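Now for the letters of each chain:
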Amino acid sequence: MYKRISYLIKNIFQNHFELAVVISAALIILMALAMDKFLYLQACPLCVLTRYVFGLIGVSALIGILIKKRIVGGVLIIMSSIGGLFVTSRQIYIQNMSVEEIAQLSGCGMPFHTQVEYFGLTEAINRTLAGGPSCAEDGWRFIFNFAEWGFLFFAIYLIASIYKYIKIDNIS
């Protein structure tokens with residue numbers, strides 16, 4: 001049984017990595033949306049931004065599949081993963097601030113989509129990364145909170161992509 005599972009994982013990693021990234025990123029986004037809907041959670045702007053980065057990872061992998069140049073998809077996945085690590089590490093930092101420090105934050109005053117409408121995409125991202133009291137809430141927790149799980153998944157995408165594409169470059 002162990003050999004079968006090991007063979008399956010190795011086969012997916014070597015032959016269908018980008019497809020697995022697309023599917024896993026989509027499942028992470030769908031799970032977050034379902035939890036919002038059924039557990040009545042309210043996503044803060046940083047959580048919404050994190051979902052967009054997961055979407056960016058999925059699109060990057062899809063680009064790698066469609067243009068048949070796997071290294072392009074790999075570079076895009078690596079860059080998106082680094083961006084995701086930055087966003088989630090910022091949220092984890094905000095969640096670990098003292099109450100006095102959180103009270104001084106004013107970046108997340110309105111939902112992310114509203115910020116994009118009023119301020120444009122770049123300013124909305126800057127304001128969202130500045131953080132706010134809503135971003136400091138832990139919310140739901142299963143061993144880790146959402147931001148910590150996101151950080152873990154972004155790190156897995158980054159490490160797996162680097163390993164995959166360095167190994168391909170050494171073979172070619």
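Now for a quick tour of the structure. Residues take numbers from 1 onward in each chain, read along the sequence in its written order. The predicted origin of the model limits local features to residues at a pLDDT of at least 70 and limits the giving and counting of side-chain atom pairs to 80 or more, whereas totals for whole chains, interfaces and linings rest on all residues. Hydrogens are left out, water is left out, and the side-chain values use all remaining heavy atoms of the structure.

**Notes on the packing of aromatic side chains**
Applicable threshold: Ring geometry is summarised as follows: Phe, Tyr and Trp rings, the Trp one being its six-membered ring, pair when their centres sit within 6.5 Å, and such pairs are stacked at plane angles under 30 degrees, edge-to-face over 60 and tilted between the two. Secondary structure elements are taken from DSSP: a helix is a run of H or I of four residues or more, a strand is a run of E of two residues or more, and numbering for both begins at the N terminus. Buried residues are those whose accessible area, probed at 1.4 Å on protein chains only, stays under 20% of the maximum for their type, while exposed residues exceed 50% and partly exposed ones sit between those limits.
For the structure on display, the rule yields six aromatic pairs. Relative to Y157, the ring of F54 lies with its centre 6.4 Å away and its plane at 70 degrees, an arrangement referred to as edge-to-face. You can see F54 sitting in helix 3 (residues 45-66) and its partner Y157 sitting in helix 8 (residues 146-171), a full 103 residues away along the chain. What makes Y157 buried here is its relative accessible area of 7%. On the basis of an interplanar angle of 75 degrees and a centroid distance of 5.2 Å, the ring pair of F144 and W149 is categorised as edge-to-face.

**Concerning helix 7 (residues 121-130)**
Rules: What the arc measures is the spread of directions leading from the helix axis to the C-beta atoms. Contact criterion: two residues are considered in contact whenever any of their non-hydrogen atoms come within 4.5 Å of each other.
Taken together, the buried positions of helix 7 are A124, T128 and L129. Down the axis of helix 7, the smallest arc covering the buried residues is 130 degrees, so these residues share one side. The inward-facing, buried residues of helix 7 contact helix 3, helix 4 (70-95) and helix 6 (112-119).

**Section: the pattern of salt bridges**
Selection rule: Salt bridges are defined by distance alone: a side-chain nitrogen of Lys or Arg within 4 Å of a carboxyl oxygen of Asp or Glu.
On inspection of all chains with the given rule, the structure shows one salt bridge. The salt bridge involving R51 is made with D36; its shortest N-O contact spans 2.6 Å. With a gap of 15 residues between them, R51 in helix 3 and D36 in helix 2 (residues 17-38) connect regions that are remote in the sequence. Each member of the pair, R51 as well as D36, is classed as buried.

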